[in-house]
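If you want the building blocks of each chain, they are given just below.
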Amino acid sequence: MTTPAALAATRPQAAPDVEQDASVLVSEIERYLAARTRTTAHPLVTKTTDQLIAEALATAPAPTPAPALTGPSRTMRILPDWALSFPLVRTLHGAGRRISVSEHLELTALVVERYGWHRGALRSTSGRRCILGAQAVLYRLGYGDEDTARAAGARLQDVLAARGVTQPFHSWNDSSHRTLGEVLLLVRTAAHNARQEAQR
(Lines give C-alpha, C1' and ligand atoms only; values in the text may rest on other atoms or scores of the structure.)
Protein backbone atom coordinates (compact mmCIF):
# COMPACT_ATOMS: atom_id res chain seq x y z
CA MET A 1 0.00 0.00 0.00
CA THR A 2 1.26 3.41 -1.01
CA THR A 3 1.45 5.96 1.78
CA PRO A 4 0.71 9.71 1.39
CA ALA A 5 4.34 10.42 1.96
CA ALA A 6 5.24 8.07 -0.87
CA LEU A 7 2.74 9.76 -3.19
CA ALA A 8 4.11 13.18 -2.36
CA ALA A 9 7.58 11.97 -3.07
CA THR A 10 6.53 10.77 -6.54
CA ARG A 11 4.97 14.13 -7.61
CA PRO A 12 7.16 16.26 -9.85
CA GLN A 13 8.42 19.35 -8.09
CA ALA A 14 7.99 22.74 -9.82
CA ALA A 15 11.23 24.42 -10.51
CA PRO A 16 11.70 27.51 -8.33
CA ASP A 17 12.22 29.71 -11.41
CA VAL A 18 8.87 28.60 -12.96
CA GLU A 19 6.98 29.50 -9.77
CA GLN A 20 8.70 32.88 -9.72
CA ASP A 21 7.87 33.53 -13.40
CA ALA A 22 4.20 32.66 -12.77
CA SER A 23 4.09 35.00 -9.79
CA VAL A 24 5.57 37.84 -11.84
CA LEU A 25 3.12 37.19 -14.67
CA VAL A 26 0.11 37.31 -12.33
CA SER A 27 1.39 40.56 -10.79
CA GLU A 28 1.83 42.11 -14.23
CA ILE A 29 -1.68 41.07 -15.32
CA GLU A 30 -3.19 42.55 -12.15
CA ARG A 31 -1.31 45.82 -12.67
CA TYR A 32 -2.44 45.94 -16.31
CA LEU A 33 -6.08 45.34 -15.40
CA ALA A 34 -5.98 47.94 -12.63
CA ALA A 35 -4.45 50.59 -14.88
CA ARG A 36 -6.51 49.77 -17.97
CA THR A 37 -9.30 52.28 -18.74
CA ARG A 38 -12.64 51.09 -19.97
CA THR A 39 -12.79 50.93 -23.74
CA THR A 40 -15.96 51.13 -25.81
CA ALA A 41 -17.04 50.61 -29.38
CA HIS A 42 -17.11 54.37 -29.96
CA PRO A 43 -14.78 56.94 -28.39
CA LEU A 44 -17.61 59.44 -27.83
CA VAL A 45 -19.12 57.19 -25.17
CA THR A 46 -16.44 58.24 -22.69
CA LYS A 47 -17.19 61.98 -23.15
CA THR A 48 -19.45 64.09 -20.96
CA THR A 49 -22.86 65.24 -22.11
CA ASP A 50 -21.60 68.83 -22.34
CA GLN A 51 -18.69 67.72 -24.52
CA LEU A 52 -21.01 65.76 -26.80
CA ILE A 53 -23.37 68.72 -27.16
CA ALA A 54 -20.49 71.11 -27.87
CA GLU A 55 -19.11 68.76 -30.53
CA ALA A 56 -22.51 68.28 -32.13
CA LEU A 57 -23.07 72.03 -32.35
CA ALA A 58 -19.58 72.61 -33.73
CA THR A 59 -19.90 69.96 -36.43
CA ALA A 60 -23.57 70.42 -37.29
CA PRO A 61 -24.14 71.80 -40.78
CA ALA A 62 -25.35 75.36 -40.93
CA PRO A 63 -29.13 75.52 -41.39
CA THR A 64 -30.21 76.13 -44.95
CA PRO A 65 -31.63 79.64 -45.15
CA ALA A 66 -35.31 79.79 -45.99
CA PRO A 67 -35.86 80.78 -49.61
CA ALA A 68 -36.81 84.42 -49.87
CA LEU A 69 -39.56 85.68 -52.10
CA THR A 70 -37.50 87.36 -54.78
CA GLY A 71 -38.58 90.69 -56.15
CA PRO A 72 -40.72 89.97 -59.22
CA SER A 73 -39.87 91.59 -62.49
CA ARG A 74 -42.63 93.28 -64.48
CA THR A 75 -42.57 90.30 -66.85
CA MET A 76 -43.28 87.89 -64.01
CA ARG A 77 -46.11 90.07 -62.73
CA ILE A 78 -47.90 89.89 -66.05
CA LEU A 79 -47.45 86.13 -66.48
CA PRO A 80 -50.71 84.23 -66.13
CA ASP A 81 -51.07 82.76 -62.65
CA TRP A 82 -50.89 79.18 -63.95
CA ALA A 83 -47.37 79.89 -65.23
CA LEU A 84 -46.22 80.49 -61.65
CA SER A 85 -46.64 76.75 -61.03
CA PHE A 86 -43.90 75.82 -63.52
CA PRO A 87 -41.16 73.81 -61.74
CA LEU A 88 -38.37 76.26 -62.66
CA VAL A 89 -40.32 79.26 -61.35
CA ARG A 90 -41.28 77.37 -58.17
CA THR A 91 -37.66 76.31 -57.60
CA LEU A 92 -36.54 79.93 -57.74
CA HIS A 93 -39.17 80.85 -55.14
CA GLY A 94 -41.04 78.73 -52.61
CA ALA A 95 -40.77 75.27 -54.21
CA GLY A 96 -43.16 73.60 -51.78
CA ARG A 97 -41.78 75.21 -48.64
CA ARG A 98 -43.91 74.70 -45.54
CA ILE A 99 -44.69 78.02 -43.91
CA SER A 100 -46.72 79.11 -40.92
CA VAL A 101 -49.91 81.13 -41.15
CA SER A 102 -48.11 84.24 -39.90
CA GLU A 103 -45.39 83.79 -42.55
CA HIS A 104 -48.06 83.36 -45.23
CA LEU A 105 -49.69 86.63 -44.20
CA GLU A 106 -46.37 88.49 -44.07
CA LEU A 107 -45.55 87.23 -47.56
CA THR A 108 -49.05 88.21 -48.74
CA ALA A 109 -48.32 91.79 -47.69
CA LEU A 110 -44.96 91.58 -49.44
CA VAL A 111 -46.56 90.43 -52.72
CA VAL A 112 -49.10 93.26 -52.55
CA GLU A 113 -46.27 95.74 -52.05
CA ARG A 114 -44.01 94.34 -54.77
CA TYR A 115 -46.60 93.47 -57.41
CA GLY A 116 -48.83 96.42 -56.66
CA TRP A 117 -52.30 96.44 -55.10
CA HIS A 118 -55.51 95.86 -57.01
CA ARG A 119 -59.21 95.80 -56.22
CA GLY A 120 -62.22 94.46 -58.11
CA ALA A 121 -60.51 91.25 -59.30
CA LEU A 122 -57.75 88.86 -58.27
CA ARG A 123 -55.33 90.69 -60.55
CA SER A 124 -55.07 93.50 -63.03
CA THR A 125 -53.75 93.17 -66.58
CA SER A 126 -50.46 94.64 -65.38
CA GLY A 127 -50.17 92.00 -62.63
CA ARG A 128 -51.26 93.95 -59.55
CA ARG A 129 -52.93 91.73 -56.94
CA CYS A 130 -55.65 92.04 -54.33
CA ILE A 131 -55.22 90.20 -51.01
CA LEU A 132 -56.74 86.99 -52.37
CA GLY A 133 -54.74 87.32 -55.58
CA ALA A 134 -51.52 87.70 -53.56
CA GLN A 135 -52.42 84.54 -51.65
CA ALA A 136 -52.89 82.75 -54.98
CA VAL A 137 -49.39 83.84 -56.06
CA LEU A 138 -47.89 82.33 -52.90
CA TYR A 139 -49.81 79.10 -53.34
CA ARG A 140 -48.73 78.71 -56.96
CA LEU A 141 -45.11 79.50 -56.15
CA GLY A 142 -45.17 76.76 -53.52
CA TYR A 143 -45.29 78.75 -50.30
CA GLY A 144 -47.61 76.71 -48.10
CA ASP A 145 -50.73 74.90 -49.23
CA GLU A 146 -54.50 75.39 -49.38
CA ASP A 147 -54.86 74.76 -45.64
CA THR A 148 -52.30 77.49 -44.91
CA ALA A 149 -54.15 79.94 -47.16
CA ARG A 150 -57.52 79.08 -45.60
CA ALA A 151 -56.17 79.53 -42.07
CA ALA A 152 -54.68 82.87 -43.11
CA GLY A 153 -58.06 83.92 -44.52
CA ALA A 154 -59.67 83.04 -41.18
CA ARG A 155 -57.14 85.27 -39.40
CA LEU A 156 -58.00 88.14 -41.73
CA GLN A 157 -61.70 87.63 -40.97
CA ASP A 158 -60.99 87.64 -37.23
CA VAL A 159 -59.35 91.06 -37.47
CA LEU A 160 -62.26 92.44 -39.49
CA ALA A 161 -64.78 90.91 -37.08
CA ALA A 162 -63.02 92.62 -34.16
CA ARG A 163 -63.63 95.91 -36.01
CA GLY A 164 -67.31 95.09 -36.53
CA VAL A 165 -66.89 94.25 -40.23
CA THR A 166 -68.92 91.25 -41.40
CA GLN A 167 -68.10 91.16 -45.10
CA PRO A 168 -65.47 88.73 -46.45
CA PHE A 169 -61.94 90.13 -46.56
CA HIS A 170 -61.80 89.92 -50.36
CA SER A 171 -64.99 92.03 -50.61
CA TRP A 172 -63.60 94.43 -48.02
CA ASN A 173 -60.46 94.71 -50.21
CA ASP A 174 -62.61 95.67 -53.22
CA SER A 175 -64.43 98.55 -51.54
CA SER A 176 -64.16 101.76 -53.57
CA HIS A 177 -62.87 103.77 -50.60
CA ARG A 178 -60.26 101.18 -49.54
CA THR A 179 -56.58 102.22 -49.52
CA LEU A 180 -53.31 100.32 -49.84
CA GLY A 181 -52.36 101.38 -46.31
CA GLU A 182 -55.54 99.86 -44.89
CA VAL A 183 -54.96 96.62 -46.77
CA LEU A 184 -51.38 96.25 -45.56
CA LEU A 185 -52.42 97.11 -42.00
CA LEU A 186 -55.12 94.43 -42.07
CA VAL A 187 -52.79 91.74 -43.41
CA ARG A 188 -49.92 92.58 -41.04
CA THR A 189 -52.23 92.79 -38.03
CA ALA A 190 -53.53 89.32 -38.89
CA ALA A 191 -49.93 88.10 -39.23
CA HIS A 192 -49.05 89.54 -35.82
CA ASN A 193 -52.09 87.92 -34.20
CA ALA A 194 -51.31 84.55 -35.78
CA ARG A 195 -47.72 84.72 -34.53
CA GLN A 196 -48.86 85.61 -31.01
CA GLU A 197 -51.34 82.74 -30.99
CA ALA A 198 -48.69 80.26 -32.17
CA GLN A 199 -46.37 81.30 -29.32
CA ARG A 200 -48.95 80.63 -26.60
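Structure: see above.
In this text the structure is predicted, and so the values were computed from the model without any measurement. (Residues numbered from 1 in each chain as written. Predicted model: local features only at pLDDT ≥ 70, side-chain atom pairs only at ≥ 80, totals over all residues. Heavy atoms only, no water.)

A. Spatial organisation of the pattern of salt bridges. Here the structure, examined in full by the defined rule, presents six salt bridges. With a closest N to O distance of 3.3 Å, Arg178 and Glu182 form a salt bridge. Judged by relative accessible area, Glu182 falls into the partly exposed class, the value being 31%. Notably, a salt bridge pairs Arg200 with Glu197, separated by 2.8 Å at the nearest N-O pair. Residue class for Arg200 comes out exposed when judged on its relative accessible area of 76%. What makes Glu197 partly exposed here is its relative accessible area of 37%. One salt-bridge network, held together by shared partners, links Glu146, Asp147 and Arg150. (Salt bridge = Lys/Arg side-chain N within 4 Å of Asp/Glu carboxyl O. Buried < 20%, exposed > 50% of the residue type's maximum accessible area, 1.4 Å probe, protein only.)

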